[in-house]
Amino acid sequence: HSQGVLHRDIKPANVLLDKSSRVVLTDFGIARIVSETQFTVTGTLVGTPAYMSPEQGKGLQISTPSDIYSLGIILYEMVTGKVPFDADTPLAVIHKHINEPLPAPRTLREDIPGALENVILKALAKEADERYQTAGEMLTAAEEAFRDFEEITQSDTLVEAPDLAGGAADLGQSIASKETAAMEY
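**Student:** Explanation requested: the environment of S53 in the structure shown.
**Tutor:** As for its placement among the helices and strands, S53 is situated in the loop between strand 4 (32-33) and helix 1 (54-57). C-alpha separation for the pair S53 and I73, spaced 20 residues apart in sequence, amounts to 9.2 Å. Ignoring sequence-local partners within four residues, the contact set of S53 consists of S66, Y69 and R131.

Next comes the structure, spelled out in structure tokens:
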């Protein structure tokens, strides 16, 4: 986006990892330069229905938040295991993106942290001006959500490692004391 290019078809098949685990976006075959005149005929759709923004599904002018929406669909799918809208035909999927409320991720998977769900919900707002306006803005929010999640996870699940100098008997006693403490809690 910082180079003035809209991808218009962000989906898992177009997101790869290089050898150093850096994310690389591929397949710019239907990308367009933001300053270009839109040559798509009104009513003609470009993209993959499961990952299309509502405005893209309507055949309207798209902008950075359209790609953000598609990225939000990928994030939704990563944490829930499925895309939010599915149907028998591509047109029916597009119709759902435009008209149906987004199923909250935590209705599909209760253990999703609230902060992460909020990132997803904002990325998938029906109105483009209610979404993140840049990928950097979404990245910052997602990093904060993951940082909060890591802090919660570490403070809630990590316990002091038992002293193994005394052997297995000390380990068993340590586990038993943790179980007793958990039952008393």
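**Student:** Is there a simple way to think about the packing of helix 2 (residues 64-80) against helix 5 (residues 114-123) in this case?
**Tutor:** Two numbers describe a pair of packed helices, the interaxial angle and the distance between the axes. In contact at an axis separation of 8 Å, helix 2 and helix 5 are set at 145° when each is read in the N-to-C sense. Crossing handedness for the pair helix 2 and helix 5: left-handed. Residues I68, Y69, G72, L75, Y76 and V79 of helix 2 pack against L116, V119, I120 and A123 of helix 5.

**Student:** Would you mind going over the confidence of the model for the chain with me for this structure?
**Tutor:** Reading predicted coordinates in detail is not appropriate for stretches of low pLDDT. Across the chain, pLDDT averages 74, with 61% of residues at or above 70. Contacts for the low-pLDDT stretch residues 31-42, under 50 throughout, to residues beyond four places or in other chains number 20 contacts. A low-confidence stretch, residues 156-185 stays under pLDDT 50, and its non-local contacts, those more than four residues away or across chains, total seven contacts.

Procedures and definitions
Sequence order as written defines the numbering, with residues in each chain counted from 1. Thresholds applied to this predicted model are a pLDDT of at least 70 for local features of residues and 80 or more for the giving and counting of side-chain atom pairs; totals over whole chains, interfaces and linings are not thresholded and use all residues. With hydrogens and water set aside, each side-chain value is computed from the structure's full complement of heavy atoms. Runs of E in the DSSP output that reach at least two residues are strands. Runs of H or I that reach at least four are helices, and both are numbered from the N terminus. Pairs of residues are marked as contacts when any of their non-hydrogen atoms sit within 4.5 Å. Note on definitions: angles span 0 to 180 degrees between N-to-C directions of axes, and those axes are lines fitted to C-alpha atoms, for helices only across the stretch in contact. In this scheme the handedness of a crossing depends on how the near helix is turned from the far one: anticlockwise by less than a right angle means left-handed, clockwise means right-handed. The pLDDT value tells you how sure the predictor is about a given residue, anywhere from 0 up to 100.

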